[in-house]
Amino acid sequence: REKSGLRLARILLPEKVLSSYFTTLRDGIELALQRIDAPEQLSETSLLLGVRRWRPAAWELDDQTLERIFEHGQSIASLRTELAQLVGIESIHIGLSKLPPKLDPYAIATGNWDPQEDRTLGGSPWYLKTGDVIVWKDVREVNKHDVSGMSSSMYGPGGAGGGGPGLSIEFYSAALEQEEDDELARILKESEETARLEEEARKQQQAQPE
């Protein structure tokens, strides 16, 4: 497989030559060997995707990532059926979404969990490619937080439709809190310095002979 930074990228098929994958062979290209349990039937349209579980009741994403091979033109309905067999839950109880680039629980919880069943994995709305991760959940679990009426696009002015005020969500930031503390300390110091100078000026005025 091709290695891109710390990530395993596209699969290099054994019947192909390296020059068919890389326009120019040069120093610095990294390849990775991945040990598999059994021979796999791969093609140009194969996608090697990660599968992780989202737990709505705890708002937690499982650490374990299972890797499975799917096809670019495979339907979401077919993916749901395969995952049902993999995890041992009826397909009607499985919700599916694409893991967002930023592991933000709000982005995961408010993602598109109800894509059209006839859409393909490589097409809209997910446009999956090798290395991407599919997230699944048991839809019977109750969300730890109420996200009804929210969507992953409701993070700025205009919300999902752009016609009204969006939902503003702020996350705790230790760095921001430190900046605010520093600014408050600076203001207090300036106030104390101003009070000291005023007091000195008052004493000097009182010390002057009439």
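Shown above is the structure to which this text applies.
Notes on the structure in this doc start here. (Residues numbered from 1 in each chain as written. Predicted model: local features only at pLDDT ≥ 70, side-chain atom pairs only at ≥ 80, totals over all residues. Heavy atoms only, no water.)

Quick look at the nonpolar core
Core analysis: the largest hydrophobic core is formed by 16 residues, its most contacted members being Leu79, Leu96, Leu121, Trp126 and Ile134. Listing elements by their share of this core, those giving two or more residues are β3 (46-55), α1 (76-87), β6 (94-98) and β7 (133-138). No other element matches the four residues that α1 contributes to this core. Aside from chain neighbours lying at most four places away, what touches tryptophan 126 is Ile76, Leu79, Leu96, Ser97, Lys98, Asn112, Pro115, Leu121 and Ile134. Among the nonpolar cores identified, the runner-up in size contains ten residues, and Trp59, Ala109, Val133 and Val135 belong to it. (Core = buried A, V, L, I, M, F, W, Y, C linked by side-chain atoms within 4.5 Å. Buried < 20%, exposed > 50% of the residue type's maximum accessible area, 1.4 Å probe, protein only. Helix = DSSP H or I, 4+ residues; strand = E, 2+ residues; numbered from the N terminus. Contact = heavy atoms within 4.5 Å.)

A word on the packing of aromatic side chains
Here the structure, examined in full by the defined rule, presents two aromatic pairs. Between tryptophan 59 and tyrosine 106, the aromatic rings sit 5.0 Å apart at their centres with planes inclined by 85 degrees, giving edge-to-face as the arrangement. In this pair, tryptophan 59 sits in the loop between β3 and β4 (60-61) while tyrosine 106 sits in helix α2 (residues 105-109), placing the two residues 47 residues apart along the sequence. Residue tryptophan 59 is classed as buried on the basis of its relative accessible area, which comes to 11%. Classification of tyrosine 106 by relative accessible area gives partly exposed; the value is 22%. Through pairs of rings, three or more aromatic residues link up here, namely Trp54, Trp59 and Tyr106. Between the NZ or CZ atom of lysine 137 and the centre of the ring of tryptophan 113, over which it lies, the distance is 4.5 Å. (Phe/Tyr/Trp six-rings, centres within 6.5 Å; stacked < 30°, edge-to-face > 60°. Lys NZ or Arg CZ within 6 Å of the ring centre and 35° of its normal.)

Considering unusual backbone geometry
Residues serine 124 and proline 125 are joined by a peptide bond in cis, for which omega reads 10 degrees. Within the secondary structure, proline 125 is located in the loop between α2 and β7. Phi is positive for tryptophan 59, close to 55 degrees, though the residue is something other than glycine. Despite not being glycine, tyrosine 127 shows a phi value in the positive range, around 50 degrees. Following the sequence through the fold, tyrosine 127 ends up in the loop between α2 and β7. Tyrosine 127 sits in the exposed class, given a relative accessible area of 54%.

Details of the environment of glutamate 90
Looking at the element boundaries, glutamate 90 is found in the loop between α1 and β6. According to the relative accessible area criterion, glutamate 90 is exposed, its value standing at 54%. On a C-alpha basis, the gap between glutamate 90 and aspartate 138 in space is 9.4 Å, while along the polypeptide they are 48 residues apart.

Describing the pairing of β3
In terms of burial, β3 is a largely internal element, nine of the ten residues being buried. The pairing of β3 with β7 spans four bridges and is classified as parallel. The partner of arginine 53 across the bridge, within β7, is tryptophan 136. Sheet topology note: the β3/β4 ladder contains two bridges and is antiparallel. Its bridge partner lying in β4, tryptophan 54 is registered against leucine 61. In this structure, the hairpin formed by β3 and β4 is closed by a connection of four residues, where tryptophan 59 is found at a positive phi of approximately 55 degrees. (Pairing = 2+ DSSP bridges.)

Here's the deal with the side chain of serine 97
By the element assignment, serine 97 lies in strand β6. The exposure class assigned to serine 97 is buried, which follows from its relative accessible area of 4%. Leave out the neighbours within four places in its chain, and serine 97 touches Gly111, Asn112, Trp113, Trp126, Val133, Ile134 and Val135.

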